[in-house]
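Spelled out from the first residue to the last, the chains are:
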Protein chains: 2
Amino acid sequence: MTKKAFQDYYPEDLSHCYGCGSLNEKGLQIKSFWDGEEEAVCIYTPRDHHTAIPGFVYGGLIASLIDCHATGTASAAQYRAEGREMGSDPPIRFVTASLHVDYLLPTPIGVPLEVRGKVKMIKGRRVVVEARLLAEGKVCAKGEVVVVQMPENMRPGK
Amino acid sequence: MTKKAFQDYYPEDLSHCYGCGSLNEKGLQIKSFWDGEEEAVCIYTPRDHHTAIPGFVYGGLIASLIDCHATGTASAAQYRAEGREMGSDPPIRFVTASLHVDYLLPTPIGVPLEVRGKVKMIKGRRVVVEARLLAEGKVCAKGEVVVVQMPENMRPGK
């Protein structure tokens, strides 16, 4: 049995996101998991076409990985904070209010990237997630993402 | 004769970027142009799979559009600041140092998006670009991107 990722608990109608939706066949389909109590990790290997300057990973992909890993981490953390089982109704799904990424080093293409996220703050429906992106053990980017619980009227059919 | 976009002046070996490289067949291939003296514009219509919550555009795509439009705008502005023709050697190509995006409204999918960028500051090899992303006339996101001229040793073969 394979361990379920945070994103595998999203309900079907909220699983179409290009970055993290398990039902988006053309998307990245990233998967995030707890690694210890505090930190969540996502491993993703960019495709050849995810290049910037040849040899290096496209910054927009790095931003996308940090973004979706943060919304997933916030969801898992919020379920935990409420003492609820992941995936239980009503679903806890976050959207992004702001995204900040500092690109510290050119990120080499062709190797798995490790995105690590930690919840910095939960306040009401808002969560702040800090993230680092590593390649070959080096921190190539750092991010901070402010996410908010999806307003109910954004849900399909509402 | 079609007007050349900023990105069409990039040399071939620097035209593979997923967001803006004209030679990246799987990429977004965005195109940026001056609109007046101060502002540069890029129009891009997201594909159906660039969804977040169904009905809305994926935030990572929005970040990507803002990012590549900013590097293109910086290149055009720097050529102009130096009184040089676009595309003249040595090439002026920027990479991203930091990217900040505020998502103000859910961005509807299925309509052309307009990304508008203005140079806020040029200082040495560093340029700060402010951007707005509009859908149906409404500002859905704002961004600020710090870009720096690509170090020569990032160039392929160097």
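Everything quoted here is computed from the prediction, not taken from an experiment. (Residues numbered from 1 in each chain as written. Chains lettered and ligands numbered in written order. Predicted model: local features only at pLDDT ≥ 70, side-chain atom pairs only at ≥ 80, totals over all residues.)

K.L.:
Before we go on, may I ask you to explain unusual backbone geometry in this structure?
P.N.:
Residues other than glycine predominantly adopt negative phi, and peptide bonds predominantly adopt the trans conformation. With an omega of -5 degrees, the peptide bond running from Asp89(A) to Pro90(A) counts as cis. One can find Pro90(A) in the loop between helix H1 (59-81) and strand E3 (94-103). Positive phi is not limited to glycine here, since Gln29(A) has a value of about 50 degrees. Mapped onto the fold, Gln29(A) is located in the segment before strand E1 (32-35). Since 19 C-beta atoms lie within 10 Å of it, Gln29(A) is described here as partly exposed. Not every positive phi belongs to a glycine, and Glu136(B) is a case in point at roughly 50 degrees. With respect to the secondary-structure elements, Glu136(B) resides in the loop between strand E5 (126-135) and strand E6 (138-149). A tally of 11 C-beta atoms within 10 Å means that Glu136(B) is categorised as exposed. (Helix = DSSP H or I, 4+ residues; strand = E, 2+ residues; numbered from the N terminus. Buried ≥ 20, exposed ≤ 12 C-beta atoms within 10 Å, placed from the backbone.)

K.L.:
Looking at this structure, how should I read the interface of chain A and chain B?
P.N.:
How big an interface is tends to be reported as the loss of accessible area on association of its parts. The interface of chain A with chain B comprises 38 residues on the first partner and 38 residues on the second. Sorting elements by how many residues they give to the side of chain A that touches chain B places E3(A) first, with nine residues. Looking at the side of chain A that touches chain B, its residues break down into 20 nonpolar, 14 polar and four charged. Judged from the five bridges that link them, E3(A) and strand E3 (residues 94-103) of chain B form a sheet pairing that is antiparallel. Directly across from His100(A), in E3(B), lies its bridge partner His100(B). (Contact = placed C-beta atoms within 7 Å. Nonpolar A, V, L, I, M, F, W, Y, C, P; charged D, E, K, R; others polar. Pairing = 2+ DSSP bridges.)

K.L.:
It is not clear to me how the sheet that holds strand E4 (residues 113-123) of chain B should be interpreted in this structure. Could you clarify?
P.N.:
Hydrogen bonds between backbone atoms are what pair the strands of a sheet, whose relative direction is either parallel or antiparallel. With antiparallel pairing, the 12 strands of this open sheet are ordered in space as E1(A)-E2(A)-E4(A)-E5(A)-E6(A)-E3(A)-E3(B)-E6(B)-E5(B)-E4(B)-E2(B)-E1(B). Pairing within the sheet leaves two strands with one partner each, and these edge strands are E1 of chain A together with strand E1 (32-35) of chain B. Neighbour to neighbour, the strand axes of the sheet diverge by 25 degrees on average, direction disregarded. The sheet contact formed by strand E5 (residues 126-135) of chain A and strand E6 (residues 138-149) of chain A spans 10 bridges and is antiparallel. When the bridges of E6(A) are listed, Arg132(A) appears paired with Lys142(A). Docked against the sheet, helix H1 (residues 59-81) of chain B engages E3 of chain A together with E1, strand E2 (39-44), E3, E4, E5 and E6 of chain B, running at close to 45 degrees with respect to E4(B). (Axes fitted to C-alpha atoms, helices over the stretch in contact; angles between N-to-C directions.)

K.L.:
I'm lost on H1(B) in this one. Help?
P.N.:
Residue pairs three or four apart in sequence face the same way in an α-helix, which turns once every 3.6 residues. Residues and elements named next belong to chain B. Relative to the 33 Å expected for 23 residues at 1.5 Å per residue, H1 spans 32 Å between its end C-alpha atoms, a close match to the ideal helical length. The element H1 is extensively covered by neighbouring structure, given that 20 of its 23 residues are classed as buried. A positive phi of about 65 degrees marks Gly83, the residue just after H1. (Expected span 1.5 Å × (residues − 1).)

K.L.:
Please clarify how the pairing of strand E4 (residues 113-123) of chain A should be interpreted in this entry.
P.N.:
The side chains of a regular strand alternate, first on one face of the sheet and then on the other. Residue and element names in this part refer to chain A. Bridging between strand E2 (residues 39-44) and E4 involves six bridges; their strand directions are antiparallel. In the strand pairing of E4, Glu39 is matched with Lys118. Two strands pair when backbone bridges link them, and E4 and E5 are joined in this way by 10 bridges, in the antiparallel orientation. Counted as the bridge partner of Val115 is Leu133 from E5. Connecting the antiparallel pair E4 and E5 is a turn made up of two residues, with Gly124 showing a positive phi of about 60 degrees.

K.L.:
What exactly am I supposed to notice about the relation of the copies chain A and chain B here?
P.N.:
What relates the pair of chain copies is a rotation about an axis plus a shift along that axis. In screw terms, the move from chain A to chain B is a rotation of 180 degrees and a rise of 0.0 Å along the axis, fitting with an RMSD of 0.0 Å. With respect to symmetry, the two chain copies, as superposed, fit the operation of a two-fold axis. Considering only C-alpha atoms, the residue of chain A closest to the rotation axis is His100(A), which sits at 2.2 Å. Interface overlap between copies: 100% of the residues of chain A at the interface are likewise at the interface in chain B, consistent with a symmetric, same-surface contact. (Least-squares fit on C-alpha atoms with pLDDT ≥ 70 in both.)

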